[in-house]
Amino acid sequence: MKIREIRVSHPRTAGTAVPTLTQVWTAVASTLQMNAWPSGGGARIVPAMLDSLTKQLTDGGSLSAEQVRNAIGGLTDEAVTPEAKADFLTALADKGETPEEIAAFASELRDKALPVPLDDETRGREMLDVCGTGGDKLGTFNISTTVAIVAAAAGVTVAKHGNRAITSKSGSADVLAALGIPTELTPEQVAAGLRDHGFAFIFAPGYHPAFKHIMPARKLCAERGQRTVFNFLGPLLNPARPTAQLIGVPKGELCEPIGRVLQSIGIRRGMVVNGRVGDGAMDELSTLGENTIAEFYQDRGFTVSRDEPELFPLQPATLDDLKGGDAEANAATIRAILAGEDRGPRRDAVLLNAAHALFVAAKTDSALEGWELAASVIDDGQAKRKLEELTQS
């Protein structure tokens, strides 16, 4: 059937041609080229949109917040091929992600996560997450996970957001499961754990359904040896929305931009760290060399510093002293540290990072006080009791 042009009479539009349905659709498709979700004919628009953004990135252009939102629409759309998604992620990484782009990705993806239904009292607490981005390839034991338990034992509410191993032998989910701590909790169970025990683990894959259609592209990038923006995003997407965060990154030059991102997405107190280990670096504070620290505390500005850990009573150590194994081996290490049985360099690594975590969470007035509190929590048996409490919850 041929659609003909129709004319209508109206006091202000007499004689004006009304566009045909075909013309309407063409105009809508053009207008929505950067915004449409796939439905029927729209399924062809989203791949074109992502291709357009890929070309923009290849030409050196940055993305606006709206363009990031549209890009996520394409990345999470099963109608777009993994190859097209991988090309976009590669172009973004090759250009270099700006703090504004990372913040826009983090805000949009966090909004898509399953929410944790916290009550007002729990939401009113200072809530901490402590984790590393991974990627340092040093094979250390699960330092940040140990620190999370120490901080909880010291009375800080800890919402630990993590995953199974990706770049190591033992991720936080792996070692917590080996310790007997529940790792696959519903949002309601997470809320109850935070309320009643001051600790809960949030298993990332269960809370970010939008990632389902992104994983094939990430795997393609990994096969190509290509990092992506998602290497940075994991610690930024905690659905419990903590108020304080200590994040470790694998390169010192990442501390400031990731710190700026943390500040821009509403974290009240934040610290992003990287520690030197000889010619390499770890996504933790290092007891073996200089540490780069980017930090902010509400409206108290933003600072970046480089410090040797000389103020702390550290024992001589090498990287081999901090090496870990699989989940069972690392769980045994954590038990020994929390029980006060391991008093060597691995304990020092935990105390140094816990010292800063407790300071970030406003539990102490300085990292030195944090060291003392963390040590007393272990020596007084509180850390061991907290571990036992969490395994029975």
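Shown above is the structure to which this text applies.
This one's a predicted model, so the numbers in the text were calculated from it and none came from an experiment.

Draft legend 1. Molecular detail of helix 17 (residues 382-392). Taken together, the buried positions of helix 17 are occupied by Ala383, Lys386, Leu387 and Leu390. Along helix 17, the residues classed as buried sweep out an arc of 100° about the axis, all on the same side. Close packing links the buried residues of helix 17 with helix 7 (143-153), helix 8 (172-179), helix 9 (187-197), strand 5 (199-203), helix 14 (327-338) and helix 16 (367-379).

Draft legend 2. Layout of the pattern of salt bridges. Within this structure, the stated rule accounts for 15 salt bridges. Arginine 69 serves as the salt-bridge partner of glutamate 108, at 3.5 Å between the closest nitrogen and oxygen. Placement of glutamate 108 in helix 5 (residues 99-112) and of arginine 69 in helix 3 (residues 65-75) is noted, with a sequence separation of 39 residues between them. Salt-bridge contacts for aspartate 379 lead to arginine 343; the nearest nitrogen and oxygen are separated by 3.1 Å. Taken together, the residues span a long stretch of sequence, with aspartate 379 in helix 16 and arginine 343 in the loop between helix 14 and helix 15 (345-360) at a distance of 36 residues. Since its relative accessible area comes to 42%, aspartate 379 is described here as partly exposed. The exposure class assigned to arginine 343 is partly exposed, which follows from its relative accessible area of 42%. When salt bridges that share partners are traced, they join Arg343, Arg347 and Asp379 into one network.

Draft legend 3. Structural context of empty space enclosed by the protein. The final tally for this structure, using the stated rule, is one cavity of 30 Å³ or more. Empty space within the largest cavity amounts to approximately 40 Å³. As for the largest cavity, its lining consists of Val130, Cys131, Gly132, Ser144, Leu246, Ile247, Gly248, Val273, Asp283, Glu284 and Asn353. Looking at the lining of the largest cavity, the elements that each hand over two or more residues are strand 3 (127-132) and strand 6 (244-248). Of the residues that constitute the lining of the largest cavity, the class distribution is five nonpolar, four polar and two charged.

Draft legend 4. Representation of unusual backbone geometry. Of note in the backbone geometry, arginine 241 takes a positive phi value of approximately 55° without being a glycine. Relative to the assigned elements, arginine 241 resides in the loop between helix 12 (230-233) and strand 6. Among the residues examined, arginine 241 registers a relative accessible area of 32% and is labelled partly exposed. With a phi close to 65°, alanine 362 is a non-glycine residue in the positive phi region. Structurally, the position occupied by alanine 362 is in the loop between helix 15 and helix 16.

Draft legend 5. Seen up close, the packing of helix 3 against helix 4 (residues 82-95). The geometry of helix 3 relative to helix 4 is characterised by a closest axis approach of 10 Å and an angle of 145° between their N-to-C directions. Contact residues: helix 3 offers Ala71, Gly74 and Leu75, while helix 4 offers Lys85, Phe88 and Leu89. Grouping the constituent residues of the contact of helix 3 with helix 4 by class yields four nonpolar, one polar and one charged.

What counts, and where the lines are drawn
Residues numbered from 1 in each chain as written. Predicted model: local features only at pLDDT ≥ 70, side-chain atom pairs only at ≥ 80, totals over all residues. Heavy atoms only, no water. Buried < 20%, exposed > 50% of the residue type's maximum accessible area, 1.4 Å probe, protein only. Helix = DSSP H or I, 4+ residues; strand = E, 2+ residues; numbered from the N terminus. Arc of directions from axis to C-beta. Contact = heavy atoms within 4.5 Å. Salt bridge = Lys/Arg side-chain N within 4 Å of Asp/Glu carboxyl O. 1 Å grid on protein atoms, 1.4 Å probe; cavity = no way out; pocket = protein on both sides within 12 Å on 5 of 7 lines; lining within 4 Å. Points joined across faces, edges and corners; volume = space filled by probe spheres on them. Nonpolar A, V, L, I, M, F, W, Y, C, P; charged D, E, K, R; others polar. Axes fitted to C-alpha atoms, helices over the stretch in contact; angles between N-to-C directions.

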